[in-house]
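Residues per chain, in single letters:
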Amino acid sequence: MSRVFNFSAGPSVLPEVVLKQAAEEMMDYKGSGMSVMEMSHRSKVYDNIIKEAEQDLRDLMKIPDNYKVLFLQGGASQQFAAVPMNLMKNGVADYIITGQWAKKAYEEAQKYGKANAVASSADKTFSYIPDCSDLPISEDADYVYICHNNTIYGTTYKKLPDTKGKILVADMSSDILSQPVNVSDYGLIFFGVQKNVGPAGVVVVIIREDLIRDDVMPFTPTMLKYKTQADNDSLYNTPPCYGIYICGLVFKWVKEMGGLDAMKVHNEKKAAILYDFLDSSKMFSGTVVKEDRSLMNVPFVTGNEELDAKFVKEATAAGFVNLKGHRTVGGMRASIYNAMPIEGVEKLVQFMKDFEAANS
Ligand SMILES: *Cc1c(COP(=O)(O)O)cnc(C)c1O
C-alpha cells in the first residue's frame, strides 16, 4: 500500500485511522454480522450511529439546544435552493458574492425571490473579502448569505458581516470543523461534507428552531422542507447511511485530536509553513490579499503558465497530487484540510524549494 499526499479541494483527504477503522468494521459492524451499508436505517444499531454522530458534532461545535442538526442528501448545492424556499418569508435575501459558490447560491435564489448582491469581490477575481461593515442590507431581507470559506479562490472571512440584525446564513463546506465557530451568530449553517468530514453526497444543516416553518414556499418539495426532516430526525426517508457513519468516525477523530481549538492551532501551523514560504520565495507567490487568506485552500502561481504545468507534473510524480488550480483560476492550489498532516505540508514546501532552485 502506498498513500500519496493528497491536496485535492474535494473530495479530499480523510484521516488514515478513520479509513482503517471503516475497513476493519466493513464485514461485521460491532457484532451485527453485517456492514453499515447493509443494515436498516430504522435498526437500533443504526440509530446509535446517527445519534452519536449528531451528539459528537454538537459537542465539537457547542451547538446550542435551540438548533436542530439535519443529515441530508444532495450535497451543498441542493441547499442553494432549499435555503430560499424555506427562509424567504418576504421573498427577499441579500447575498455577498465572494466566489463561484456564493455566486451559484445567489443565482439559484433568484428563481425563488428577490436576491440582491449587496457586495462582491468579482472586480479583482475574488482575491479579497469585501468590506462588510456597512452594507446596504435590505429592510425586508429574510437573511444575509455568505460563503464562509472560498474553496476555489482561497479567501475567508476573518470578521463576520454586519447584517444589521438580519439572520446570517453560511455555507461552511470547506472550513467546517477547522476552527471554533460561534453557532449563535448564525440562523443557519450548512456544509457539504466531502471537504473536511466525509464522503460526498451528505450535507449537514444546523438550523435555529424558530426558522423551521410549515409555511414555506408552496411548491417546496417535501424532501427539501426542513420541517419534514426535523420532525423525522433526518429519517423521513433512507438517509445516506454509510456516509453519515463515516462522518461520525471523523467527528470522533476530531474530538481525539483535541476538538476545534486544537484543530485551529494545527491548521494555523500548517498554513503558516506554506504562506511563509510563498512570501519568501522569488518564484512562487500567493494570489489573494494577506488579510483574507484561507487556512484551508492555498492558491499560488509562478507567474509563468509553462512553469506552473511543469511544477504540477513533477509534484505529481513525487507523490504530491491534485495541486492543479481550479480550471477557472489556473496555477496551483494546495488544499490543506484537517486530515492533511503537518508532514505533508513540510514536504511539499521542501519540494517547492528544490523546484525553485532547479528552475531559476
Ligand atoms: C464544494 C463546495 C460546494 C459544492 O458542494 P456539492 O456537495 O458538490 O454540491 C459548495 N460550497 C462550497 C463552499 C464548496 O466548497
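Residues numbered from 1 in each chain as written. Predicted model: local features only at pLDDT ≥ 70, side-chain atom pairs only at ≥ 80, totals over all residues. Heavy atoms only, no water.

Caption draft 1: Broad picture of the site of the ligand. The immediate surroundings of the ligand are formed by 13 residues, with Ser 77, Thr 151, Asp 171, Gln 194 and Lys 195 found nearest. Contact distances for the ligand include 3.0 Å between an oxygen atom and a backbone N or O atom of Ala 76. Within the side chain of Asp 171, a nitrogen or oxygen atom sits 2.6 Å from a nitrogen atom of the ligand. Of the residues forming the shell around the ligand, the biggest block, four residues, is contributed by helix H3 (residues 75–87). Looking at the shell around the ligand residue by residue, the classes come out as four nonpolar, seven polar and two charged. (Near = heavy atom within 4 Å. Polar contact = N/O pair within 3.5 Å; in protein donor to acceptor, adjacent residues only side chain to side chain. Helix = DSSP H or I, 4+ residues; strand = E, 2+ residues; numbered from the N terminus. Nonpolar A, V, L, I, M, F, W, Y, C, P; charged D, E, K, R; others polar.)

Caption draft 2: Representation of the packing of aromatic side chains within the structure. By the definition in use, this model includes 19 aromatic pairs. Between the aromatic rings of Phe 80 and Trp 101, the centroid separation amounts to 6.5 Å while the plane-to-plane angle is 50 degrees, which identifies the pairing as tilted. A residue pair is termed long-range when its members are at least 10 positions apart, and Phe 80 in helix H3 and Trp 101 in helix H4 (residues 100–109) qualify at 21 residues. Judged by relative accessible area, which is 4%, Phe 80 ranks as buried. By relative accessible area, which is 26% here, Trp 101 ends up partly exposed. Seen from their ring centres, Phe 80 and Phe 190 are 6.3 Å apart, and the 65 degrees between their planes marks the pair as edge-to-face. On the criterion of sequence distance, the pair formed by Phe 80 in helix H3 and Phe 190 in strand E9 (residues 188–192) is long-range, its members being 110 residues apart. (Phe/Tyr/Trp six-rings, centres within 6.5 Å; stacked < 30°, edge-to-face > 60°. Buried < 20%, exposed > 50% of the residue type's maximum accessible area, 1.4 Å probe, protein only.)

Caption draft 3: Layout of the packing of H3 against H4. Look at H3 against H4: their axes get within 9 Å of each other, and the N-to-C directions meet at 40 degrees. On the basis of the axis angle, H3 is oblique to H4. The chirality of how H3 crosses H4 is right-handed. On H4, the residues touching Ser 77, Phe 80, Ala 81 and Pro 84 of H3 are Trp 101, Lys 104, Ala 105, Glu 108 and Ala 109. A breakdown of the residues in the contact of H3 with H4 according to their chemical character gives six nonpolar, one polar and two charged. (Axes fitted to C-alpha atoms, helices over the stretch in contact; angles between N-to-C directions. Parallel < 35°, antiparallel > 145°, perpendicular 65-115°, else oblique. Left-handed = near helix turned anticlockwise from the far one by under 90°. Contact = heavy atoms within 4.5 Å.)

Caption draft 4: Quick look at the sheet that holds strand E11 (residues 285–286). Spatial ordering of the open sheet is given by E11-E12-E14, a layout of three strands whose pairing is antiparallel. Lying at the two open borders of the sheet, with one neighbouring strand each, are E11 and strand E14 (332–335). Pairing analysis gives two bridges linking E11 to strand E12 (residues 297–301), with the strands arranged antiparallel. Looking at E12, one finds that Gly 286 is bridged to Phe 300. (Pairing = 2+ DSSP bridges.)

Caption draft 5: Inspection of the environment of Phe 277 at higher detail. Here Phe 277 is to be found in helix H7 (residues 259–280). Residues Phe 277 and Lys 353, 76 residues apart in the sequence, show an inter-C-alpha distance of 8.5 Å. Leaving out residues up to four positions away in the same chain, Phe 277 has contacts with Phe 284, Val 349, Met 352, Lys 353 and Glu 356.

Caption draft 6: Local environment of empty space enclosed by the protein. For the structure on display, the rule yields one cavity of 30 Å³ or more. Looking at the largest cavity, its volume works out to about 30 Å³. Taken together, Gly 99, Gln 100, Trp 101, Ala 102, Cys 147, Asn 150, Thr 151, Ile 152 and Tyr 153 form the lining of the largest cavity. Of the residues forming the lining of the largest cavity, the biggest block, three residues, is contributed by H4. (1 Å grid on protein atoms, 1.4 Å probe; cavity = no way out; pocket = protein on both sides within 12 Å on 5 of 7 lines; lining within 4 Å. Points joined across faces, edges and corners; volume = space filled by probe spheres on them.)

Caption draft 7: Molecular detail of the domain arrangement of the chain. By the assigned domains, the chain splits into domain 1 (16–256) and domain 2 (258–359). Each of domain 1 and domain 2 has a C-alpha centre, and these two points are 27 Å apart. Domain 1 puts 28 residues into the contact, and the matching count from domain 2 is 26 residues. Carbon and sulfur atoms make up 55% of the surface buried where domain 1 meets domain 2, a total of about 2200 Å² over both sides. Per-residue buried area on domain 1 facing domain 2 is highest for Ile 152, Ser 178 and Pro 180; these three make up 20% of the total on that side. Our count for the domain 1 to domain 2 interface comes out at zero salt bridges. Viewed at the interface, domain 2 and domain 1 are joined by 18 residue pairs in polar contact (both at pLDDT 80 or more). In terms of residue count, the dominant contributor to the side of domain 1 that touches domain 2 is helix H6 (residues 241–256) (four residues). Tallied by class, residues from the side of domain 1 that touches domain 2 come to eleven nonpolar, twelve polar and five charged. (Domains from an automatic or database assignment. Buried area = accessible area lost by both parts, 1.4 Å probe. Salt bridge = Lys/Arg side-chain N within 4 Å of Asp/Glu carboxyl O.)

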